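# Analysis of the macromolecular model
Below are the chains, spelled out letter by letter.
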Amino acid sequence: MKTTKSAAVRKHAAARNGSAPKTRPMLIDGKWVQALGGGSFPTFNPATGEPIANIAAGDKADVDLAVKAARAAFESGPWSRLTASERGRLLLKLADLLEKNLEEFATLESLDNGKPIGVARVADVPLAVDLFRYMAGWATKIHGRTFPISVPYAPGAQFFAYTQREPVGVVGQIIPWNFPLLMAAWKLGPALATGCTVVLKPAEQTPLTALRLGELIQEAGFPDGVVNIVTGFGETAGAALAGHPGIDKVAFTGSTEVGKIIVRAAAKDLKKVSLELGGKSPNIILDDADLETAIPGAASAIFFNHGQCCCAGSRLYVHKKHFDTVVDGVSAAARKIKVGPGHLPDTDMGPLVSEEQLNRVMGFLKSGQDEGAKAVAGGAREGKKGYFVQPTVLVNTKPGMKVIEEEIFGPVVCAIPFSDPAEVIAAANNNIYGLAAAVWTSNVSRAHTLASALRAGTVWVNCYNIFDAALPFGGYKQSGWGREMGEEALALYTETKAVCIRL
Ligand code: ADP
């Protein structure tokens, strides 16, 4: 079988055979530097468990330098004097460069994260390009308003009052490993469009595309210090960033558990915080659904990106009239999925990202089976090498089971029968998360009724996993604070200043 081996793969694979002894440096103040402490850590190919590159292990002192650089760039560097139009043009240039290097980015993402290269090619990279273009357009459209104020205690006085929107300042951005490049784009796009400066910390499991993006950020012409990229672990570099007094805002995507740690760290000096966290999204197939689209839709809702999506449709509620048909259909789809290394062209599903994640998902499968759930498809690890798990469909679950209540973040769906829409709305909403939900129905009135009754930041109807740079994404309840993408994301990166002038 032919495998894709770009220059990027060779460069990173070289680290394995010793011909590339250097540790991949990080970007601080426009320079590629090693960690001050000299530490490094490997990033692994999840298909084999072997290291592919060595990465600088940034820590508190490195974060400190990066924050200082971002502060200087924000307050007095050339960035602070750029026009909105110039900021927009830099973002457009970055989008063009990313698009030009699509193949390299898709290869790196597949190698580091494990996802099929074909998916990275059509989803991760183009979505990141589109996000930068979308946010470039906003750079010149962020404005305040004027207000006809009356001031009852100043009779006869005249005022001119308006608001202006200003960048929030230096932003610490901490991102996860499931869509490494895309999450970097979701974070960087609105921050740069609004004029903020950034210290970005990629996930330790998948730092490669963020580092390469740093090179393109320089090539596009962003001034030094505007985007700093500090690689390192969550408990060290991440914690130092979340608690750094020089940061005005922290933007985090990751687990709800770490989200709460971030909030506590940021609370010390009341930094602004936005969070995109976990989910346990209900995917509801009503009795009037078109099963020809609902069945493949339900399979892709959970198995896309190996279930490593915060919005994965992991609780599949099916009207009892169709329960057996849907379970058979989704199970057949699960069995058909070709699990393998991400670089092989016929792979549909790659490995989970890490050994830790493999153990976590296997722990959920065991707990489900111990508590009485039955796997009608999958249910086990695939092979002995790499972190592969079989696409799994569980039935016979009960409310209260771990597999029903908690986020698994793997290719595991629980299928649950129901008999009336009111019952399913209550069950769907009965969870600590509220990130996404979906409804499959041919009745437009029911579609709207359920869309409004479901307590989730996104509701898809007759579709799933539809993302667009224009559409806000984020969670109700413990799925987070604030929205990414769309115009709404700009609010997270701006302060509103009211100016009142006596005439
Ligand atoms: P997961 O559990 O899915 O691996 P995490 O929420 O642990 O996701 O990680 C998401 C991001 O948060 C990563 O960049 C990780 O390094 C970072 N992180 C983990 N722990 C902390 C922490 N204590 N403080 C700040 N960042 C952290």
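The structure under discussion appears in the preceding block.
Because the structure is predicted, anything quoted here is derived from the model rather than measured.

The rules behind these values
Residues numbered from 1 in each chain as written. Predicted model: local features only at pLDDT ≥ 70, side-chain atom pairs only at ≥ 80, totals over all residues. Heavy atoms only, no water. Disulfide = S-S within 2.5 Å. Buried < 20%, exposed > 50% of the residue type's maximum accessible area, 1.4 Å probe, protein only. Core = buried A, V, L, I, M, F, W, Y, C linked by side-chain atoms within 4.5 Å. Contact = heavy atoms within 4.5 Å. Patch = residues over 30% accessible without salt bridge, like charges linked within 9 Å, V, L, I, M, F, W, Y side chains within 5 Å. Areas by Shrake-Rupley, 256 points an atom, 1.4 Å probe, with all protein chains shown as cover. Salt bridge = Lys/Arg side-chain N within 4 Å of Asp/Glu carboxyl O. Helix = DSSP H or I, 4+ residues; strand = E, 2+ residues; numbered from the N terminus. Pairing = 2+ DSSP bridges. Axes fitted to C-alpha atoms, helices over the stretch in contact; angles between N-to-C directions.

### Points about the state of the cysteines
Summed over all chains, the structure comprises 0 disulfides. Between Cys 414, a cysteine without a disulfide, and Cys 309, which holds the nearest cysteine sulfur, the sulfur-to-sulfur distance is 16 Å. What makes Cys 414 buried here is its relative accessible area of 0%.

### A few points about the nonpolar core
Ranked by size, the top nonpolar core spans 106 residues in total, and within it Leu 98, Phe 132, Leu 188, Leu 213, Phe 222, Ile 285 and Val 330 carry the most contacts. Contacts of Leu 98, omitting those with residues within four sequence positions, involve Phe 105, Val 125, Ala 128, Val 129, Phe 132, Leu 181, Leu 213 and Leu 216. The next biggest cluster of nonpolar side chains, apart from the first, holds 28 residues, and it includes Leu 352, Val 361, Ala 373 and Met 401.

### Structural notes on a nonpolar patch on the surface
Taken together, the side chains of Phe 160, Ile 501 and Leu 503 define a hydrophobic patch exposed on the protein surface, amounting to about 300 Å² of accessible area. Along the polypeptide, Ile 501 turns up in strand S22 (residues 494–502).

### Details of the pattern of salt bridges
Between side chains of opposite charge, a pair can form when the charged atoms approach closely. Applying the stated criterion to the full structure yields 20 salt bridges. Ionic pairing is found between Glu 104 and Arg 212, a salt bridge with its closest N-O pair at 2.9 Å. Here Glu 104, found in helix H4 (residues 102–113), pairs with Arg 212, found in helix H7 (residues 208–220); they are 108 residues apart in sequence, far enough to count as distant. Here Glu 104 matches Arg 212 in class, with each residue buried.

### Here's the deal with the sheet that holds strand S14 (residues 374–377)
A sheet is described by the order of its strands in space; here 7 strands give the open sequence S14-S15-S16-S13-S12-S18-S19, paired in mixed fashion. The open sheet has two edge strands, S14 and strand S19 (458–461), and neither has a second partner. If you compare each strand with its neighbour and ignore which way they point, the axes differ by 25 degrees on average. Judged from the 4 bridges that link them, strand S18 (residues 436–440) and S19 form a sheet pairing that is parallel. Looking at S19, one finds that Val 439 is bridged to Val 461. Against the sheet, helix H10 (residues 291–303) makes contact with strand S12 (282–285), strand S13 (315–319), strand S15 (392–395), strand S16 (412–418) and S18, and its axis sits at roughly 170 degrees relative to S12, the strand it touches most.

Keep in mind these numbers describe shape, not what the thing actually does.
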